[in-house]
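# Coordinate analysis (summary)
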Amino acid sequence: MKKMSNIKRLVVLLLTFVCLSLTYAKPLTPADIQHKADSLRSIINTRQGEERAAVFRELFKLYFANNQVEPAYIVLDELIALEQQLNNPEREASARWNKIALLNNAGRYEMLLDEAETQLKWFKDHQMWDRYYQIWQRK
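This write-up is about the structure you can find in this document. (Residues numbered from 1 in each chain as written. Predicted model: local features only at pLDDT ≥ 70, side-chain atom pairs only at ≥ 80, totals over all residues. Heavy atoms only, no water.)

## Here we look at helix H6 (residues 109-125)
Counted at 1.5 Å a residue, the expected span for H6 with its 17 residues is 24 Å, and the 24 Å between its end C-alpha atoms agrees. For H6, the full list of buried residues reads Leu112, Glu115, Ala116, Gln119, Leu120, Trp122 and Phe123. In this structure, the buried residues of H6 make contact with helix H4 (69-85), helix H5 (89-105) and helix H7 (129-138). One or two positions beyond H6, positive phi appears at Gln127, with a value near 50 degrees. (Helix = DSSP H or I, 4+ residues; strand = E, 2+ residues; numbered from the N terminus. Expected span 1.5 Å × (residues − 1). Buried < 20%, exposed > 50% of the residue type's maximum accessible area, 1.4 Å probe, protein only. Contact = heavy atoms within 4.5 Å.)

So, in structure tokens, the structure goes:
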């Protein structure tokens, strides 16, 4: 009997968590996105080096998650330039790959074809063959 009681408690607890998560998991409105983006943009100039790159990555994630292709694309260009300055080819490679993924997911195939050529050359020059062939696959 006690065992059944514990199972019931567990089920009630689980249902409570599900209800709470559904209650608080609301999609962001365009105003919410803009507010978060403005907040991130306001601190970019106060950050240097890796901290600045981390802010750019957060900004990209915000735009990407909310299907805002143009601002996400611009942020990636800024991030790539910064990663070049920081001499961090691994993180630069990640940003370059994100450009391909962004265009692919958004169905921007014309832009993807143009971008793929640029990125294929970069990945070949840096001998990062996994990403090189993944871009070929997307292309």
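## Some words on the nonpolar core
By size, the foremost hydrophobic cluster in this structure holds 34 residues, and its most contacted members are Leu59, Phe123 and Ile135. For this core, the secondary-structure elements that each account for two or more residues are helix H2 (30-44), helix H3 (49-65), H4, H5, H6 and H7. Top contributing element to this core by residue count: H4, with eight residues. Leave out the neighbours within four places in its chain, and Phe123 touches Ala93, Arg96, Trp97, Met128, Arg131, Tyr132 and Ile135. (Core = buried A, V, L, I, M, F, W, Y, C linked by side-chain atoms within 4.5 Å.)

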